[in-house]
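Fold and contact review
Each chain, written out:
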Amino acid sequence: MARKNKKKKASKQAKSAKPTMASQADRHKLYQESVQDSEFELDFVQDTFKDLRGRKPVTLREDFCGTARTACVWTKRGSENRSWGVDFDKEVLDWGRKHNLNKLKGKQKARVELIQDDVLTVQTPSVDVCLAFNFSYWIFQQRKDLLAYFTGVNRSLNSDGVMFLDAYGGSEAHTTQVEKHKLEGYTYLWDQNKYNAVTQEMFCHIHFRFPDKSRMDKAFSYNWRLWGGREIEDLLLEAGFTNVRFYIQQFDEDDEALDEFKETREVFDHDCWIAYIVAEK
Ligand SMILES: C[S@@+](CC[C@H](N)C(=O)[O-])C[C@H]1O[C@@H](n2cnc3c(N)ncnc32)[C@H](O)[C@@H]1O
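Residues numbered from 1 in each chain as written. Predicted model: local features only at pLDDT ≥ 70, side-chain atom pairs only at ≥ 80, totals over all residues. Heavy atoms only, no water.

1. Some thoughts on the pattern of salt bridges
Tallying each qualifying case throughout the model produces 18 salt bridges. Put simply, E39 and R69 hold a salt bridge, and the shortest N to O gap is 3.2 Å. Here E39 is found in helix α4 (residues 38–53), whereas its partner R69 is found in helix α5 (residues 69–76), with 30 residues between them in sequence. The shortest N-O distance in the salt bridge between E280 and R245 comes to 2.8 Å. (Salt bridge = Lys/Arg side-chain N within 4 Å of Asp/Glu carboxyl O. Helix = DSSP H or I, 4+ residues; strand = E, 2+ residues; numbered from the N terminus.)

Below, the structure is given as structure tokens:
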């Protein structure tokens, strides 16, 4: 009898140990789906480069590349296109090799190189465009480090090369808050968890929540400095770039974000702005 009871208990435990949606999810896959839009970013990069330089860009370096999704999409866009992805984290690069790079066709794959290195010191061939997206360069908290990074990128660009970054700001950026987006199969949360109003240091997390109530908390965490637009511009110019342009995301009358970025330096009284910053060598 006692044995039977034990068995029952064990099977109950096995039932409650059923894997949750969170435990089965892959954080890199979720990140790519919810945060990144490589196709849109690359459309912007190609169109803007063509407008500024009168030719198509061919070579691209993706700094802070993570899973290198953008570097991989780049080689699919043209038979001459080549890319280099740089990230110092082996785990994320290995994931990118398996899920992005290895899914490319032979010739496309041969035109992508993933480099495990620090973007501050990495040496790559000269490229037409260098990208630092999703605010990754905010990891540099000291002025001298951000200047060194921009200087290194400037040196690695062809003579008509262009650097593309993004940035955000407005009053909401200087507060703690959680932004939720319901996506297919899960909810994405951007958690501005802690903010130092003096140093502009911020601590942010990405969490995911699932319909079975399971959660993946702190799937990604960032300790950044919230850099202002003028500070970034000043550093880019000091690093040797000749011109810096801001392209600000536009909103409709109902305050819904549009897939449209307009070149302007004037954003008055916005609680939230987001921009591509384009720096010409
Ligand atoms: C926010 S993810 C960016 C992923 C992707 N580029 C995007 O646009 O969404 C930041 C990445 O930067 C990498 N990283 C941070 N500091 C770095 C550094 N100094 N050198 C190289 N990679 C760095 C991290 O390992 C992480 O994969």
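So, next bit.
2. Observations concerning the sheet that holds strand β3 (residues 112–116)
Spatially, the eight strands line up as an open sheet ordered β3-β2-β1-β4-β5-β12-β10-β11, and their pairing is mixed. The open sheet terminates on both sides in strands that have one partner only, identified here as β3 and β11 (257–263). Each neighbouring strand pair of the sheet contributes to a mean axis angle of 20 degrees, computed without reference to strand direction. Both strand β1 (residues 59–63) and strand β2 (residues 82–87) contribute to a ladder of five bridges, which runs parallel. Residue pairing across strands places T59 opposite R82, the latter belonging to β2. Strands β2 and β3 of the sheet are contacted by helix α6 (residues 90–99), whose axis makes an angle of about 160 degrees with β3. Along the sheet, helix α8 (residues 143–156) makes contact with β1, β4 (127–132) and β5 (157–169), crossing β5 at roughly 145 degrees. (Pairing = 2+ DSSP bridges. Axes fitted to C-alpha atoms, helices over the stretch in contact; angles between N-to-C directions. Contact = heavy atoms within 4.5 Å.)

3. Some remarks on the sheet that holds strand β8 (residues 201–209)
Read across the sheet, four strands follow the order β6-β7-β8-β9 without closing on themselves; strand pairing throughout is antiparallel. Edge strands, defined here as strands with exactly one partner in the open sheet, are β6 (177–183) and β9 (215–225). The sheet shows a mean angle of 15 degrees between the axes of neighbouring strands, direction not considered. In this structure, strand β7 (residues 186–196) lies alongside β8, joined through nine bridges in antiparallel fashion. When the bridges of β8 are listed, N196 appears paired with E201.

4. Re the domain arrangement of the protein
Where the parts come together, the accessible area they lose is often given as the size of the interface. Domains assigned within the protein are domain 1 (28–169 + 225–280) and domain 2 (172–223). The C-alpha centroid of domain 2 is placed 22 Å from the C-alpha centroid of domain 1. Buried area between domain 1 and domain 2, both sides added, is near 1400 Å², and the carbon and sulfur share of it is 62%. Three residues stand out in domain 1 for area buried against domain 2, namely L30, Y168 and L226, and they jointly supply 40% of the buried area on that side. Between the two partners, domain 1 and domain 2, sit zero salt bridges. Applying the counting rule to domain 1 against domain 2 returns five residue pairs in polar contact (both at pLDDT 80 or more). Secondary structure elements with two or more residues in the side of domain 1 that touches domain 2: α3 (27–34) and β5. With five residues, α3 is the largest single contributor of residues to the side of domain 1 that touches domain 2. By residue class, the composition of the side of domain 1 that touches domain 2 is eight nonpolar, four polar and three charged. (Domains from an automatic or database assignment. Buried area = accessible area lost by both parts, 1.4 Å probe. Polar contact = N/O pair within 3.5 Å; in protein donor to acceptor, adjacent residues only side chain to side chain. Nonpolar A, V, L, I, M, F, W, Y, C, P; charged D, E, K, R; others polar.)

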